[in-house]
Amino acid sequence: MATRGLVVGATVVMLSTVTIIGAGIHLKGQAFFQDSPKELVDEVWQIIDKNYVDATFNQVDWRAVRTEYLDRSYESEEMAYDAIREMLEQLEDPYTRFMDPDEFRSMQIDTSGELTGVGIQLSQEEETGRLIVISPIEETPAFEAGIQSQDIITKIDGQSTEGMDINEAVNLIRGRIGTDVVLTIRRGEREIDFPITRDRIEIHPVRHSLKDDLPGGVGYIRLTQFSQLAADEMRTAIQELENQGVEGFILDLRSNPGGLLQASIEIARMWYNEGDIVSTVNRQGVAEVQRANGRALTDKPLVVLIDGGSASASEILSGALRDNDRATLVGTTTFGKGLVQSVRPVGNGSGLAVTIARYLTPDGLDIDKEGIPPDIEQEISEEVREEMRMDRTLIGSQQDPQYVRALEVLQQQISAANEEETTQDETTSLVPTSAQ
């Protein structure tokens, strides 16, 4: 399974205009579909039949489904679109879905990292159908408005989201730059209206700085998204901080909703030389294991910050670092998305996202719906969270309780590493050398 271009779970739905890099691009006879909507129905069926992660198709007789839908007459593409969505609903998988040309264009990942929209990642609970915010992207209209991870969207411009699928929600939330949308959010027992103005957003997924919170300096790196730019920007951050002589690193993955699977693999390889990173398991049970390749950029002590907004690719990286004893995880349990999708064009400009695999951490754990618990639990109050949202300079500062706890853990790791190095030096000095 080619990992480049695959996306993991939570970030398949991004409420902004982005470019999808599809794995296994399927371009068969696009012009033909203008005259034969039934061929589009069959193409989607064929892709699911060959690639879907669940060989039982949710206990559905998938061949009977094909017969049923190909026996119908389709007078327009729109009729075929409706039939495809109806067909896919039988899988009960919110991440496997059909997108008409407008919907497909609205969720393309642009390799330049520029988005237009409100800037949130959205998930849908399989059992309840509730629309849940995975995370707002920092410095976007949604983030500025106060949208938070785990918020439940109950209304869009006053229209109830009960019974609404993700595609309908995307159509209502997206729109032209400068126009407004009101999201009604349920947060705990409260219901709050958030007016948001759509905008264009440039996203650089990595921010880094040298902090003097510990003797010798701390390399603080905040990774907000596993986009096409993430690996290159992470490499630059680690190298610059290494050149400045930091004693250790804090990698902040809080509220990082995930992204490209390959980006998480490349970044994991920057932190350790040997060991597994992730295995992806398809419906035949065949696991493809990705491993470190001996090209780590640093061996300095590392602490990783995680929370409920850390999903998908963030969980792959966190799990890899934890299972290989490379880092200590501090914060709260992650989101819990262990699925991999392939996103590809179909028909005449439409798109299809298909869940094709599950991923496991190096220790063989399936974290889907479970998440990864931290090694050291550190909660953060709603009051402090709101203060940091209003003033982003507080993130990764002495006013950030999770960061402060990470500093304490990092200090312990640095001290232990220094003691070990001193012991090794003393042992070496006691070894007699032969006469020359």
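These notes cover the structure that comes with them. Sequence order sets the numbering: in each chain, residues are counted from 1 along the sequence as written. Selection of residues for local features in this predicted model requires a pLDDT of at least 70, selection of side-chain atom pairs for listing and counting requires 80 or more, and totals for whole chains, interfaces and linings are taken over all residues. Side-chain numbers come from the whole structure's heavy atoms, not from hydrogens or water.

### Structural notes on the overall build of the protein
The way it works is that DSSP assigns letters per residue, a run of H or I at least four long becomes a helix, a run of E at least two long becomes a strand, and they are numbered from the N terminus. Counting secondary structure elements, the protein contains 11 helices and 20 strands. Burial status follows relative accessibility: with a 1.4 Å probe on protein chains alone, a residue under 20% of its type maximum counts as buried, one over 50% as exposed, and anything between as partly exposed. Counting across all 436 residues of the protein, residues that qualify as buried make up 55%. In the protein, the share of contacts with a sequence separation of at least 24, taken over all contacts with a separation of at least 6, comes to 71%. Accessible area for the protein stands at about 19,000 Å²; split by element, carbon and sulfur atoms hold 45% of it. Contacts are assigned to residue pairs that have any heavy atoms within 4.5 Å of one another. Residue burial considers only the protein chains on display, and all accessible areas are found by Shrake-Rupley using a 1.4 Å probe.

### Quick look at the packing of aromatic side chains
For any pair of aromatic rings, the description consists of the separation of the ring centres together with the inter-plane angle of the planes. Aromatic contacts are taken between Phe, Tyr and Trp rings whose centres are within 6.5 Å, Trp giving its six-membered ring; a plane angle under 30 degrees counts as stacked, one over 60 as edge-to-face, and the others as tilted. Under the criterion given, the structure shown has six aromatic pairs. Aromatic pair Trp45 and Trp62: ring centres 6.3 Å apart, planes at 5 degrees, arrangement stacked. Taken together, the positions of Trp45 in helix α1 (residues 37–51) and Trp62 in helix α2 (residues 62–70) put the pair 17 residues apart, joining distant regions of the chain. According to the relative accessible area criterion, Trp62 is buried, its value standing at 3%. Pairing Tyr81 with Phe98 gives two aromatic rings, centres 5.2 Å apart and planes at 40 degrees, and the pair type is tilted. In this pair, Tyr81 is assigned in helix α3 (residues 77–89) and Phe98 in strand β3 (residues 97–99), connecting sequence segments 17 residues apart. Across the pair, Phe98 and Tyr81 agree in class, each one buried. Following the ring pairs from residue to residue traces out a cluster consisting of Trp45, Tyr52, Phe57 and Trp62.

### Regarding the environment of Ala230
Its location among the elements puts Ala230 in helix α7 (residues 230–243). Residue classification places Ala230 among the buried positions, given a relative accessible area of 0%. Between the C-alpha atom of Ala230 and that of Ile267, which follows or precedes it by 37 residues, the distance is 8.1 Å. Contacts of Ala230, omitting those with residues within four sequence positions, involve Pro205, Val206, Leu223, Gln225 and Ile267.

### With respect to the sheet that holds strand β13 (residues 248–252)
Paired strands, as defined in this entry, are two strands with at least two bridges between them according to DSSP. Across the sheet, six strands lie side by side as β11-β12-β13-β16-β17-β20; this open sheet has mixed pairing. Whereas interior strands pair on both sides, the edge strands pair on one side only; in this sheet they are β11 (206–211) and β20 (376–377). With six bridges connecting them, β11 and strand β12 (residues 218–223) associate as antiparallel partners. Counterpart to Lys211 in the pairing with β12 is Val218. Contacts from helix α9 (residues 313–323) reach β13, β16 (302–306) and β17 (328–331), with the element oriented near 145 degrees to β16. Axis definition: a line fitted to C-alpha atoms, limited for helices to the stretch in contact. Angles are taken between N-to-C directions and run from 0 to 180 degrees.

### Here we look at the nonpolar core
Definition used in this section: a nonpolar core is a set of buried Ala, Val, Leu, Ile, Met, Phe, Trp, Tyr and Cys residues joined via side-chain atoms within 4.5 Å. Among the nonpolar cores identified, the biggest contains 68 residues, and Val44, Ile48, Ile221, Met234, Leu251, Ile267 and Trp271 are the most heavily contacted of them. Beyond its immediate stretch of four places on either side in the chain, Ile267 contacts Leu223, Phe226, Ala230, Ala231, Met234 and Leu317. Membership of the second largest hydrophobic core comes to 19 residues, among which are Leu131, Ala169, Leu183 and Ile185.

### Regarding the pattern of salt bridges
A carboxyl oxygen of Asp or Glu within 4 Å of a side-chain nitrogen of Lys or Arg is what we treat as a salt bridge. Enumeration according to the criterion identifies 18 salt bridges in this entry. Here Glu125 makes a salt bridge to Arg130, at a shortest N to O gap of 3.0 Å. Residue classification places Glu125 among the partly exposed positions, given a relative accessible area of 27%. Here Arg187 makes a salt bridge to Asp151, at a shortest N to O gap of 2.8 Å. Taken together, the residues Arg187 in strand β8 (residues 180–187) and Asp151 in the loop between α5 (141–145) and β6 (152–156) connect sequence positions 36 residues apart. Overall, the relative accessible area of 2% leaves Asp151 in the buried class. Taken together, the salt bridges that share partners define one network made up of Arg222, Asp252, Arg254 and Asp400.

### What about the packing of α1 against α3?
In the contact formed by α1 and α3, the axes pass within 8 Å of each other and the chain directions differ by 25 degrees. Taken together, α1 and α3 sit at an angle that is classed as roughly parallel. Helix-helix and strand crossings are classified by hand; for α1 and α3 the assignment is right-handed. Residues Pro37, Leu40, Val41, Val44, Trp45 and Ile48 of α1 pack against Glu77, Ala80, Tyr81, Ile84, Met87 and Leu88 of α3. Here the angle decides the label: under 35 degrees means roughly parallel, over 145 means roughly antiparallel, 65 to 115 means roughly perpendicular, and every other value means oblique. Rotating anticlockwise by less than a right angle from the far helix to the near helix defines a left-handed crossing, while the corresponding clockwise rotation defines a right-handed one.

### Comments concerning the pairing of strand β15 (residues 287–291)
When strand β14 (residues 276–281) meets β15, the two strands line up antiparallel, connected through five bridges. Directly across from Ser279, in β15, lies its bridge partner Val289. Where β14 folds back on β15, the antiparallel hairpin that results is connected by five residues, among which Gly285 adopts a positive phi of roughly 80 degrees.

### Quick look at the side chain of Thr328
Within the secondary structure, Thr328 is located in strand β17. Looking at Thr328, the relative accessible area reads 16%, which means it is buried. Aside from chain neighbours lying at most four places away, what touches Thr328 is Leu302, Val303, Val304, Asp375, Ile376, Val409 and Gln413.

### Quick notes on α7
An α-helix turns once every 3.6 residues. As a result, residues three or four positions apart point the same way. Expected helix span is computed as 1.5 Å times (number of residues minus one). Here α7 is 14 residues long and its end C-alpha atoms lie 20 Å apart, about the 20 Å a rise of 1.5 Å per residue gives. Every buried residue of α7 is accounted for by Ala230, Ala231, Glu233, Met234, Ala237, Ile238 and Leu241. Projection of α7 onto a plane perpendicular to its axis shows the buried side chains occupying an angular sector of 165 degrees, all on one side. Where the residues of α7 are buried, they touch β11, β12, β13 and α8 (261–268). The first or second residue beyond α7 is Gly245, which carries a positive phi of 75 degrees. The arc refers to the directions leading from the helix axis to the C-beta atoms.

### Some remarks on the packing of α2 against α3
Two packed helices can be described by the angle between their axes and the distance between those axes. Running from amino to carboxyl end, α2 crosses α3 at an angle of 160 degrees, the nearest separation of the two axes being 11 Å. The angle between α2 and α3 places the two elements in the roughly antiparallel class. For the element pair α2 and α3, the recorded crossing hand is right-handed. When α2 is examined against α3, the residues Trp62, Val65 and Tyr69 are found in contact with a partner set consisting of Ala83, Glu86 and Met87. Its residues assigned to classes, the contact of α2 with α3 comprises five nonpolar, no polar and one charged. Gly is placed with the polar residues, together with every amino acid not listed as nonpolar (Ala, Val, Leu, Ile, Met, Phe, Trp, Tyr, Cys and Pro) or charged (Asp, Glu, Lys and Arg).

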